[in-house]
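Coordinate analysis (summary)
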Amino acid sequence: MHVRCPDRLPGDVYRQVLEQLAELSPVVQALPPSAALVELKGALRYHGVDGRRLGEVLRVRTISRLGVDVRVGIGPSITVAATASGQITEPGGVLAVDPGQVADWLGPLPVEALHGIGPCQAQDLRDYGVHCVGLLAAVPPATVQRLLGGRAGRQVADRARGIDPRPVTPRALPVTPRALPASASVRRTFPRHTLDGAAVRAALLDLVVTLALQLRGRGQVARGLTLTLRFAGGTTWEKTRRLPEASAHDDDLRALAYRLIDAAGLQRGRLTGITLKGEDLVAADQVAEQISFDGAREARLVAEEVSDRIRAKFGPGAIRPATTLLRVS
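This write-up is about the structure you can find in this document. Computed from a predicted structure; not experimentally measured.

As a further point, take the sheet that holds strand S1 (residues 2-4). Within the open sheet, the five strands sit side by side as S2-S3-S1-S4-S5. Their pairing is mixed. Two strands in the sheet have a free side with no partner beyond their single neighbour: strand S2 (28-31) and strand S5 (93-96). With strand direction ignored, the average angle separating the axes of adjacent strands in the sheet is 15 degrees. The pairing of S1 with strand S4 (residues 71-74) spans three bridges and is classified as antiparallel. Counted as the bridge partner of Val 3 is Val 72 from S4. Sheet strands touched by helix H1 (residues 11-24): S1, S2 and strand S3 (35-38). Its angle to S2, the strand with the most contacts, is close to 160 degrees.

Right under this line is the structure:
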């Protein structure tokens, strides 16, 4: 399966599309900035449906969960699948080419439509009189090699015949310092000066959940947290602590955030605002996550993943921290 996302798709949304692909098959190859490959052999047996059906399921999920439509090409090789996705007009659709139909389907396409052929190569072929893939497949490979060069000519000749042995190779999505920020912060301002410790703790919990959701949406984890408290009169208190392990999970961030607020020793301090900042952010796929044998924690992580999907579909306010809900009611 070759998937094309809309051009200029934000990086965090592209990552979420990759997550949707991973739900269909464990073998996903990111092709930044807006495409991906998926190996379907095992997925077809697991789900008990054909490739076209999986493509339709993917479109429904990306549209309903992310508001993004995709173009999905399916075929027996990377070249056929990528060529198929390129033939779909925007905004999206699914085009599946069965193995027995490859030659008949590729034949009438213009040479520039064959995935992997560049504009200059297509022009050289047209100058020679080869204007469609069917004619290209009929030209002896040695002739194509003389026109386009040895290795490139051999690849083009093979792919015109539907021959492409390349496997889908899973690889992590590269992240550069410019692609994602090194920190993220969320803040809460109180409409009135507050002395209520329960209200402050509830506001902090709300910030923890918001920050954690933001980090997971970006595919990042924090190595530390900074808590800043603003008091009536303009004074501030700030403290930073490192997490035992880089994380973007609610449990881990909440535990450290509570340690920070306890260290402040508020007592009778009248607060006007709170800021929670995730520090030293790194890509989640660059950090090894320890296996946990804590059944309760694992259950909370599963619930967290489900909550993320609900928020992605219905908005960030669809689920609120329990403490906040109790105070509102």
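On to a nonpolar patch on the surface, then. On the surface, Val 302, Val 306 and Ile 310 cluster together to form a nonpolar patch covering roughly 230 Å² of accessible area. Looking at the element boundaries, Val 302 is found in helix H12 (residues 295-314).

This brings us to the side chain of Thr 226. Tracing the sequence through the fold places Thr 226 in strand S7 (residues 220-231). Within the local environment of Thr 226, its side chain forms a polar contact with the side chain of Thr 240, the two groups lying 2.6 Å apart. Apart from residues no more than four positions distant in its own chain, Thr 226 is found in contact with Glu 238, Lys 239, Thr 240, Thr 275, Leu 276, Lys 277 and Glu 279.

Moving on, we get to the nonpolar core. Within the largest apolar cluster, 33 residues are counted, with the highest numbers of intra-cluster contacts made by Ile 274 and Leu 276. Sorting the residues of this core by element identifies strand S6 (184-194), helix H10 (197-218), S7, helix H11 (250-264) and strand S9 (271-279) as the ones contributing at least two each. Excluding its chain neighbours within four sequence positions, the residues that come into contact with Leu 276 are Ala 184, Ser 185, Val 186, Leu 207, Val 208, Leu 211, Leu 225, Thr 226, Leu 227 and Ala 257. The next biggest cluster of nonpolar side chains, apart from the first, holds 25 residues, and it includes Ala 36, Val 38, Leu 66 and Val 94.

What follows deals with the packing of H1 against helix H3 (residues 51-66). The N-to-C vectors of H1 and H3 enclose an angle of 140 degrees; their axes lie 10 Å apart at closest approach. In this view, H1 runs oblique relative to H3, as classed from their interaxial angle. The two elements H1 and H3 meet at a crossing, and its hand is right-handed. From H1, Val 13, Gln 16, Val 17, Gln 20, Leu 21, Glu 23 and Leu 24 reach across to H3, where they touch Leu 54, Val 57, Leu 58, Arg 61, Thr 62, Arg 65 and Leu 66. Residue composition of the contact of H1 with H3, by class: eight nonpolar, three polar and three charged.

This part takes up the pattern of salt bridges. All told, the structure shown has 13 salt bridges when counted by the stated rule. Arg 61 is paired through a salt bridge with Glu 23; the nearest N and O atoms lie 3.2 Å apart. Here Arg 61 is found in helix H3, whereas its partner Glu 23 is found in helix H1, with 38 residues between them in sequence. Judged by its relative accessible area of 25%, Arg 61 is partly exposed. We classify Glu 23 as partly exposed; its relative accessible area is 27%. Between Arg 223 and Asp 280 there is a salt bridge whose closest N-O contact spans 3.7 Å. Residue Arg 223 is found in strand S7, and its partner Asp 280 is found in the loop between S9 and strand S10 (282-283); the two are separated by 57 residues along the sequence. Taken together, the salt bridges that share partners define one network made up of Glu 23, Arg 61 and Arg 65.

What counts and what doesn't
- Residues numbered from 1 in each chain as written.
- Predicted model: local features only at pLDDT ≥ 70, side-chain atom pairs only at ≥ 80, totals over all residues.
- Heavy atoms only, no water.
- Pairing = 2+ DSSP bridges.
- Helix = DSSP H or I, 4+ residues; strand = E, 2+ residues; numbered from the N terminus.
- Axes fitted to C-alpha atoms, helices over the stretch in contact; angles between N-to-C directions.
- Contact = heavy atoms within 4.5 Å.
- Patch = residues over 30% accessible without salt bridge, like charges linked within 9 Å, V, L, I, M, F, W, Y side chains within 5 Å.
- Areas by Shrake-Rupley, 256 points an atom, 1.4 Å probe, with all protein chains shown as cover.
- Salt bridge = Lys/Arg side-chain N within 4 Å of Asp/Glu carboxyl O.
- Polar contact = N/O pair within 3.5 Å; in protein donor to acceptor, adjacent residues only side chain to side chain.
- Core = buried A, V, L, I, M, F, W, Y, C linked by side-chain atoms within 4.5 Å.
- Buried < 20%, exposed > 50% of the residue type's maximum accessible area, 1.4 Å probe, protein only.
- Parallel < 35°, antiparallel > 145°, perpendicular 65-115°, else oblique.
- Left-handed = near helix turned anticlockwise from the far one by under 90°.
- Nonpolar A, V, L, I, M, F, W, Y, C, P; charged D, E, K, R; others polar.

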